[in-house]
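# Overview (structure and organization)
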There are 2 protein chains.
Amino acid sequence: MSNSAIEHLTEPQQRILSFISHYMDEHDVPPTIREIQKGAGISSTSMVSYHLKALERANLLNRYERRSRGVVLTHPHRVSPRDIVSVPIVGRIVASEPAPTPDPDALADVENTIQVARSLVGNADGLYALEVQGDSMIDALINDGDIVIMQRTDEIKNGDLAAIFLTDRNESTLKRVYREKDGKRLKLKPENPTMKPFYVDARNAMIQGKVMCVIRKT
Amino acid sequence: MSNSAIEHLTEPQQRILSFISHYMDEHDVPPTIREIQKGAGISSTSMVSYHLKALERANLLNRYERRSRGVVLTHPHRVSPRDIVSVPIVGRIVASEPAPTPDPDALADVENTIQVARSLVGNADGLYALEVQGDSMIDALINDGDIVIMQRTDEIKNGDLAAIFLTDRNESTLKRVYREKDGKRLKLKPENPTMKPFYVDARNAMIQGKVMCVIRKT
DNA sequence: ATAATACGCGAACAGGCGTTCTATGTCAAG
DNA sequence: CTTGACATAGAACGCCTGTTCGCGTATTAT
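Below is a short write-up of the structure.

### Thoughts on the protein's contact with DNA strand D
Looking at DNA strand D, there are 20 residues lining it, with Ile33 and Arg34 of chain A together with Ser43, Ser46 and Tyr50 of chain B nearest. At the protein interface, 59% of the atoms of DNA strand D within 4 Å belong to sugar or phosphate. One nitrogen or oxygen atom from the side chain of Arg34 of chain A is found 2.8 Å from a base nitrogen belonging to DNA strand D. Within the side chain of Thr45 of chain A, a nitrogen or oxygen atom sits 3.2 Å from a base oxygen of DNA strand D. By residue class, the composition of the surface near DNA strand D is 3 nonpolar, 10 polar and 7 charged.

Written as structure tokens, this is what we have:
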């Protein structure tokens, strides 16, 4: 950090800061200079400009020069859209069917979306969510109603928790996957440590996605 | 919901939507009409206006009339700071000890914090998080390393999932709690549906908090 | 006192900006 | 073919907006 700090903000400067913050809560865009003038009770636009410069020096806001509404508050007040990601819930996962995969057309159906912090899931590309139905995923420590956040991929690293469809059994399951040395078999290890791993022929296993995160609301 | 839906968006309309979204990721304010025109490759400002009207009708964006940069995308893309909450991870929960409770002084130790979407946890007051150690919470379908988001409270509704310290056994556990009619016993039901509930004397059970959410990063 | 500095006001400028109007083109239904 | 609904261009209008400049008024150090 550089020399930030609230080096004795003058009173009108605090009013400006507070006004911008409230204004952005209400509308979704920053105010104009003149709106600040009125809203924060400043006498002239040039004074607003003056105070804004001071606030910028104090690192409390950033300005895009010569752009209308070009003032944005720095970190503390504002959350970048990058910090949260809306993941579409594309269906239910049940043992007796392949896990649904995202339909690229079905964009952001507002209702069926779960918000998660980016820090939990990393990059948003290829992310989708499944709601678990029934207790068929109990050996993955996942119960009815839990939500699994997946990343679409068919390449996984050893030890990744993934959704696998077993073609010979006609079943989906969530397991940790390890490739055997000969590459012909997969070792599937339940997330539940009290249960034993088992092995399947690699040709009978379709990897449908990688589990990024499991969420249980209560 | 009203009549939302992507009633066959025309191709330039999709470009506009996408441009606005990307623009707002980069700058923090919405673009102007003319910026949209250039950025989305529209031939004239009137065409932008024309498409914007259509998009507004489709509930994909809101407009503040006659305001510069007065177009904001609806719900999915924009995040208010109130939509995310930082929950402090105050300790580990192990079966053989009471579950830690938050120290009100220890504010926002940046490192030991987990970000979650408000929609998962509701009000942020009294929220704290525990990391589960060992597999002692397996009957709550929670494994080593999972994170439990708790709300400090000693009053719970029947059927709430809660952290209980059993004084006679010297154990913490996470169970669904039901008060018996006589108020003297509690029924504790494991989250794992394959396990059976059991009963404890209410005087031997200290309710330490309510489970709001369980998160497993993988 | 003098000068330097910070703070304050209002007006004016130039370009930004949303809106609207007219003219033209496309295409399918009547 | 005509008509009417929709799509497209371009230009013009008029308010919006950030910036600047000249001119005051305090406060403080010299």
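### Considerations on the nonpolar core
Core analysis: the largest hydrophobic core is formed by 26 residues, its most contacted members being Val121, Ile149 and Ile215 of chain A together with Ile114, Val121, Ile149 and Ile215 of chain B. Sequence-distant contacts of Ile149 of chain A, that is, excluding residues within four places in its chain, are made with Val87, Val116, Val121, Leu127, Tyr128, Ala129, Lys210, Val211, Met212, Cys213 and Ile215 of chain A. Membership of the second largest hydrophobic core comes to 20 residues, among which are Leu17, Phe19, Ile20 and Ala58 of chain A.

### Structural notes on the packing of helix H1 (residues 11-26) of chain A against helix H3 (residues 45-57) of chain A
All names here are of chain A. Between H1 and H3, whose axes approach to 10 Å, the crossing angle comes to 80 degrees. Taken as axis vectors, H1 and H3 run roughly perpendicular relative to one another. In this structure, H1 contributes Pro12, Gln13, Ile16 and Leu17 to the contact, and H3 contributes His51, Leu52, Ala54 and Leu55. In the contact of H1 with H3, the residues fall into 6 nonpolar, 2 polar and no charged.

### Considering the pattern of salt bridges
Note on pairing: side chains with opposite charge can pair once their charged atoms come close. Going through the model one piece at a time under the given rule, you end up with 20 salt bridges over all chains. The shortest N-O distance in the salt bridge between Arg67 of chain B and Glu35 of chain A comes to 3.0 Å. With Arg67 of chain B in the loop between strand S1 (61-63) and strand S2 (71-73) and Glu35 of chain A in helix H2 (residues 33-39), the pair connects residues from two separate chains. Two residues, Asp160 of chain B and Lys210 of chain B, come together in a salt bridge whose shortest N-O distance is 3.6 Å. In this pair, Asp160 of chain B sits in strand S7 (residues 160-166) while Lys210 of chain B sits in strand S11 (residues 205-217), placing the two residues 50 residues apart along the sequence. Salt bridges linked by common partners bring Glu35 and Arg69 of chain A together with Arg67 of chain B together as one network.

### Considering helix H1 (residues 11-26) of chain B
Note on helix geometry: an α-helix contains 3.6 residues per turn, so any two residues three or four positions apart are oriented the same way. All names here are of chain B. With 16 residues, H1 should cover 22 Å at 1.5 Å per step; its first-to-last C-alpha distance of 23 Å lies within 8% of that length. Along H1, the residues that are buried comprise Gln13, Ile16, Leu17, Phe19, Ile20, Ser21, Tyr23 and Met24. The inward-facing, buried residues of H1 abut helix H2 (33-39), helix H3 (45-57), S1 and S2.

### As for unusual backbone geometry
A positive phi is found at Arg66 of chain A, a non-glycine position, where the angle reads about 65 degrees. By the secondary structure assignment, Arg66 of chain A is in the loop between strand S1 (61-63) and strand S2 (71-73). Of note, Leu141 of chain B is a non-glycine position whose phi angle comes to about 60 degrees, a positive value. Note that Leu141 of chain B resides in the loop between strand S5 (127-132) and strand S6 (147-151).

### Examining the protein's contact with DNA strand C
Surrounding DNA strand C, one finds 21 residues, the nearest of these being Ser43, Ser46 and Tyr50 of chain A together with Ile33 and Arg34 of chain B. Sugar and phosphate atoms represent 56% of those atoms of DNA strand C found within 4 Å of the protein. Between DNA strand C and Ser68 of chain A there is a distance of 3.3 Å, counted from a phosphate oxygen to a side-chain nitrogen or oxygen. With respect to DNA strand C, the side chain of Arg63 of chain B contributes an N or O atom lying 2.9 Å from a phosphate oxygen. If you list the elements that add at least two residues to the surface near DNA strand C, you get H3 of chain A together with H2 and H3 of chain B.

### Structural notes on the packing of aromatic side chains
The tally for this structure, following the rule as stated, stands at 2 aromatic pairs over all chains. Centre to centre, the rings of Phe19 of chain A and Tyr23 of chain A are 5.6 Å apart; their planes meet at 55 degrees, and the pair counts as tilted. Of this pair, Phe19 of chain A and Tyr23 of chain A both sit in helix H1, 4 residues apart, roughly one helical turn. Since its relative accessible area comes to 6%, Tyr23 of chain A is described here as buried. Sitting above the plane of the Tyr178 of chain B ring, Lys187 of chain B keeps its charged end 5.3 Å from the centroid.

Conventions we followed
- Per chain, residue numbering runs from 1 following the sequence as it is written.
- In the order they appear in the text, chains get letters beginning with A and ligands get numbers beginning with 1.
- For this predicted model, a pLDDT threshold of at least 70 governs which residues receive local features, and a threshold of 80 or more governs which side-chain atom pairs are given and counted, while totals over whole chains, interfaces and linings are taken from all residues.
- As a convention, hydrogens and water are excluded, and side-chain values are obtained from all of the structure's heavy atoms.
- Note on terminology: near, applied to a residue and a molecule or strand, indicates that one of the residue's heavy atoms is within 4 Å of it.
- Under the rule applied, a polar contact is a pair of N or O atoms within 3.5 Å (in protein, one hydrogen donor and one hydrogen acceptor; residues adjacent in sequence only if both atoms are side-chain atoms).
- Just so you know the grouping, Ala, Val, Leu, Ile, Met, Phe, Trp, Tyr, Cys and Pro go in nonpolar, Asp, Glu, Lys and Arg go in charged, and all remaining residues, Gly too, go in polar.
- Nine residue types can take part in a nonpolar core, namely buried Ala, Val, Leu, Ile, Met, Phe, Trp, Tyr and Cys, and a core is a set of them joined through side-chain atoms within 4.5 Å.
- When a residue's accessible area, from a 1.4 Å probe over protein chains only, is under 20% of the maximum for its type it is buried; when over 50% it is exposed; and in between it is partly exposed.
- Residue contacts are counted whenever heavy atoms from the two residues lie within 4.5 Å of one another.
- Structural elements are reduced to axes, namely lines fitted to C-alpha atoms, with helices fitted over the stretch in contact, and the angle between N-to-C directions of any two is expressed from 0 to 180 degrees.
- For the purposes of this entry, the term helix denotes a DSSP run of H or I that reaches at least four residues, the term strand denotes a run of E that reaches at least two, and both are numbered from the N terminus.
- Should an angle fall under 35 degrees it is called roughly parallel, over 145 degrees roughly antiparallel, and 65 to 115 degrees roughly perpendicular, with every other angle called oblique.
- Each salt bridge in this description consists of a side-chain nitrogen of Lys or Arg and a carboxyl oxygen of Asp or Glu lying within 4 Å of one another.
- How far a helix is expected to stretch is found by multiplying one less than its residue total by 1.5 Å.
- Each aromatic pair joins two rings of Phe, Tyr and Trp (for Trp, the six-membered one) with centres within 6.5 Å, and gets the label stacked for planes under 30 degrees apart, edge-to-face for over 60, and tilted for any other angle.
- Sitting over a ring, as applied to charges here, requires NZ of Lys or CZ of Arg to be within 6 Å of the ring centre and within 35 degrees of the ring normal.

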